Amino acid sequence: MKCSGAEIIVKLLERQGIETIAGIPGGANLPLYDALGQSDKIRHILTRHEQGAGFIAQGMARVSGKPAVFFATSGPGATNTLTAIADAKLDSIPIICITGQVPLSMIGTDAFQEVDTYGLTVPITKHNFLVRSVEELFDVIPAAFRIASSGRPGPVVVDVPKDVQMAMAEFDAWPEPGKRDTQPELIMGEVERAAKMINESEKPILYLGGGVIQSDSSADALALAEKGGIPSALTLMGLGVVPVDHPLCLGMLGMHAARYTNMALEECDLLVAIGVRFDDRATGKVPEFCPNAKIIHIDIDPSELDKIKMAHASVTGDVADTLKALLPLIAGKDRSDWLGEVAALKESNPMIIPEAEDPTSPYGVILKAAELAGEGAIVCTDVGQHQMRTAQAYPFKHPRQWLTSGGLGTMGFGMPAAIGAALEAPDRSVLCFTGDGSIMMNIQDLATAMEHDIPIKIILTNNNALGLVRQQQDLFYGKRYYASDYTRSVDFVKIADGFGIKTHDLGLSDDPAKTLAEAIAEPGPSLIHVPISPDEPVYPMVPPGAANTEMIGGEKND
Amino acid sequence: MIKQTVLELSVNNHPGVMSHICGLFSRRAYNVEGIACMPVNGGGTSRIWLLVNADERLDQMVKQVDKLEDVLGVERHDGGHAVFAKMAEFVQ
């Protein structure tokens, strides 16, 4: 066989099972696009910004659990991808970014649209490649898929100079597609030690994170909780691992947790940390996090163990393998005293959802949309108050139902990630909760949603401010609101209308619940505008750097 | 004086490897006091020796280095290594 580098890349992507690629062409990746245009297996989604393409890939990967691919050209195309790649690194999302580069002979000459993509992406990728010959592609493309999906997943960048895309190679056979490596064997002594500590504990809590979702082991985590009678707190990334309405579910822990959740953690004598990384938004001030507890830490990435908090016992391994090995060793134990204590904390310090019944309130619209969209819906958010409210109030039932930028906290994530989710799961309802600050950071890809008639439902709570920044100024900067209020406002309904998106304004509706129902039920993309007050903080809130017990607001008033 | 140690890395030999390794140290403001690198096995792999201060972050550094795709193995020599003793002669 004889093919060009570009044809080889496209064929190898087809062989990996890739069916959708978002991206933008430019001078340095036109050979790749020319080859992609000949593919009848891969659909291309032309975005309006490369960051949007990156978040579309993330949306696909977060829903499917499999690597997703996006394309960008050299120079500004590549630099525009960086935020989406860094975001994927922090949340361990398997995406593969294939960038064009100036021809090999011109690298290092400050050629037109040349930037050091390799150097720029070293600290924000799991691994990256600068391909230096067409023959290398046979190794590099399968390796990119293997690396992105093996162990702790993460983003991979493959930078391909234009002349490598155009060079011809003769070869006999295609390489095998890149697959997830098999996991190293568990050390059973570690598992047995963990089981013994769990069995001896009077007041254990499970602390479950994104690693449980990545390893598709939510059912095993729930089985562990049920067998041991162990209450379970979830990280932001772990929402959906245990259904919100399950009696053992404590909801999200940390900065915007319900009061009782952080209080229960204060009381526990054993913290079983599974697929988590002790993020500062979850732990608060680390020395005061779970002060009475021994810690078991289970993670596939050895560098996470003992990074923030020294564990009393750790298990290095895939969470799914570990849970399967652990479960038979767990004794069914009567922990009714502890569960009673937790229930009493919940009774006296519940999650307070203000104005839950009003579909035009910041929380009410989330609950109403959840009810209308049903339990199979995929929920995306941007970053800010609306994100924390959704995390607090949405009735999550399933893993991979919740797509949010956890580690990097990227405003602009939500809408393109929702497009990616809808492309990956066309038969499911996709909600995107956003704010007026966040949506502006990638609003251009409303055009992409319109062009492909992608049925995302964007629920925009608009306080004409950077709400979470403003809330910090309110609480910690003497109410000096500086650079957090917009002095004039834009008309989002007109903007969305201009993009050819159907619009609804709950602020002008006589029957907001009915309007919301119509918007969610109608085909194609819709924007639902919900004007809200800037003076509605998200409570409770732990001040940054404080212990999780120092919560502000959210008290039960009765 | 701060205690020093030597990390001996076996790595794939290509132009990006040094940047991956040094990046891990620089982004954590962890100084590398000395570096030596030589190709082995005809140039397919290289050996890198890093002379670093042994502060409390070193275990985490070793784990991070070990995670790199192009790093094939890491050994730690708390008693130092002859390569730096010999190189020291050039800066006397």
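Residues numbered from 1 in each chain as written. Chains lettered and ligands numbered in written order. Predicted model: local features only at pLDDT ≥ 70, side-chain atom pairs only at ≥ 80, totals over all residues.

With that settled, consider the overall build of chain B. Of regular secondary structure, chain B possesses 3 helices and 4 strands. Computed over its C-alpha atoms, the radius of gyration of chain B comes to 13 Å, within 12% of the 12 Å expected for a compact globule of 92 residues. For chain B, the C-alpha atoms occupy an extent of roughly 35 × 30 × 20 Å along the three principal directions. For chain B, with 92 residues in total, the buried portion stands at 17%. Put simply, of all contacts in chain B between residues at least 6 apart along the chain, 74% involve residues at least 24 apart. (Helix = DSSP H or I, 4+ residues; strand = E, 2+ residues; numbered from the N terminus. Rg over C-alpha atoms; globule rule 2.2 N^0.38 Å. Buried ≥ 20, exposed ≤ 12 C-beta atoms within 10 Å, placed from the backbone. Contact = placed C-beta atoms within 7 Å.)

Moving on to the overall build of chain A. For chain A, the helix and strand inventory stands at 22 helices and 20 strands. Relative to a compact globule of 558 residues, whose C-alpha radius of gyration would be 24 Å, chain A shows 24 Å and is just as compact. By its C-alpha atoms, chain A is 70 × 65 × 40 Å across when sized along the principal axes. The 558 residues of chain A split such that 54% are buried. Sequence separation of 24 or more characterises 77% of the internal contacts of chain A that already satisfy a separation of 6 or more.

Every contact between the two is made by 10 residues of chain A and, on the other side, 10 residues of chain B. Those elements that provide at least two residues to the side of chain A that touches chain B are α5 (117-121) and β6 (127-130) of chain A. Here the residues of the side of chain A that touches chain B are counted per class, giving 6 nonpolar, 3 polar and 1 charged. (Nonpolar A, V, L, I, M, F, W, Y, C, P; charged D, E, K, R; others polar.)

Residues and elements named next belong to chain B. Sheet topology note: the strand β1 (residues 4-12)/strand β3 (residues 45-53) ladder contains 9 bridges and is antiparallel. By the bridge assignment, E8 is partnered in β3 with W49. As defined by bridge partners, β1 adjoins strand β4 (residues 71-77) across 6 bridges and the pair is classed as antiparallel. Bridging from a neighbouring strand, V6 pairs with H77 of β4. (Pairing = 2+ DSSP bridges.)

Once that is clear, we can look at helix α11 (residues 259-267) of chain A. With 7 of 9 residues buried, α11(A) is to be regarded as a mostly interior element. Taken together, the buried positions of α11(A) are R259(A), Y260(A), T261(A), N262(A), M263(A), A264(A) and L265(A).

Let us now look at the domain arrangement of chain A. All names here are of chain A. What the domain assignment reports for chain A is domain 1 (2-170), domain 2 (188-348) and domain 3 (364-531). Taking the mean C-alpha position of each, domain 1 and domain 3 sit 29 Å from one another. With 22 residues of domain 1 at the interface, the matching set in domain 3 holds 26 residues. Looking at the side of domain 1 that touches domain 3 residue by residue, the classes come out as 8 nonpolar, 10 polar and 4 charged. (Domains from an automatic or database assignment.)

This part takes up the environment of L468(A). Residue and element names in this part refer to chain A. Looking at the secondary structure, you find L468 in helix α20 (residues 467-476). We classify L468 as buried; it has 23 C-beta atoms within 10 Å. Each C-alpha atom, one on L468 and one on V538, is 8.0 Å from the other, the two residues being 70 residues apart in sequence.

Residues and elements named next belong to chain B. If you trace the 4 strands from one edge of the open sheet to the other, you get β2-β3-β1-β4, paired in antiparallel fashion. Edge positions in the sheet fall to β2 (32-40) and β4, since each of these pairs with one other strand and no more. Within this sheet the neighbouring strands show an average axis-to-axis angle of 15 degrees, counted without direction. Docked against the sheet, helix α2 (residues 58-67) engages β1, β3 and β4, running at close to 155 degrees with respect to β4. (Axes fitted to C-alpha atoms, helices over the stretch in contact; angles between N-to-C directions.)

A separate point is the nonpolar core. Counting 171 residues, the largest nonpolar core has I9(A), F70(A), Y207(A) and I274(A) as its most contacted members. Excluding residues that lie within four positions of it along the chain, I9(A) makes contacts with L32(A), I98(A), L137(A), I141(A) and V160(A). In terms of nonpolar packing, the next biggest core, distinct from the first, is built from 13 residues, V11(B), V17(B), L50(B) and M61(B) among them. (Core = buried A, V, L, I, M, F, W, Y, C linked by C-beta atoms within 7 Å.)

With that settled, consider unusual backbone geometry. All names here are of chain A. Following Y539, the chain continues to P540 via a peptide bond in cis, the omega torsion being -5 degrees. Structurally, P540 can be placed in the segment after β20 (526-531). A positive phi angle, near 55 degrees, is found at D110, a position not held by glycine. Secondary-structure assignment places D110 in the loop between β5 (95-101) and α5. Positive phi, normally seen in glycine, also occurs at A483, with a value near 60 degrees. Note that A483 resides in the loop between α20 and α21 (492-498).

This part covers the sheet that holds strand β3 (residues 43-46) of chain A. Residues and elements named next belong to chain A. A sheet is described by the order of its strands in space; here 6 strands give the open sequence β3-β2-β4-β5-β7-β6, paired in parallel fashion. Only two strands of the sheet have a single neighbouring strand rather than two, namely β3 and β6. When the angles between neighbouring strand axes are averaged without regard to direction, this sheet yields 20 degrees. Here strand β2 (residues 20-23) runs beside strand β4 (residues 68-72); their pairing, made up of 3 bridges, is parallel. In the strand pairing of β4, G23 is matched with F71. Across the sheet, helix α3 (residues 50-64) lies against β2, β3, β4 and β5, angled at about 175 degrees from β4, the strand it touches most.

So, on to the confidence of the model for chain B. A residue-level look at chain B finds 99% of positions with pLDDT of 70 or above and a mean pLDDT of 93. For this predicted complex, the interface confidence comes out at an ipTM of 0.93, alongside a pTM of 0.97. (pLDDT = per-residue confidence, 0-100.)

Our next topic: the packing of helix α10 (residues 218-228) of chain A against helix α13 (residues 319-326) of chain A. All names here are of chain A. It is the contact of α10 with α13, at a shortest axis distance of 9 Å, that shows an interaxial angle of 30 degrees. Along this stretch, α10 crosses α13, giving a crossing that reads as left-handed. Contacts between α10 and α13 pair D220, A221 and L224 from the former with A320, L323, K324 and L326 from the latter. Of the residues that constitute the contact of α10 with α13, the class distribution is 5 nonpolar, no polar and 2 charged. (Left-handed = near helix turned anticlockwise from the far one by under 90°.)

Let us now look at the pairing of β2(A). Residues and elements named next belong to chain A. Pairing analysis gives 4 bridges linking β2 to β3, with the strands arranged parallel. What sits directly across from T20, in β3, is R43. Since β2 and β3 lie parallel, the crossover through helix α2 (residues 30-36) that links them has a hand, and here it is right-handed. (Right-handed = clockwise from strand over helix to strand, strands pointing away.)

All names here are of chain A. The geometry of helix α8 (residues 188-200) relative to α13 is characterised by a closest axis approach of 10 Å and an angle of 60 degrees between their N-to-C directions. Taken together, the axes of α8 and α13 are oblique relative to one another. Here the hand of the crossing between α8 and α13 comes out right-handed. Here M188, V191, A194 and A195 of α8 lie close against α13, whose contacting residues are T322, A325 and L326. The residue makeup of the contact of α8 with α13, split by class, is 6 nonpolar, 1 polar and no charged. (Parallel < 35°, antiparallel > 145°, perpendicular 65-115°, else oblique.)

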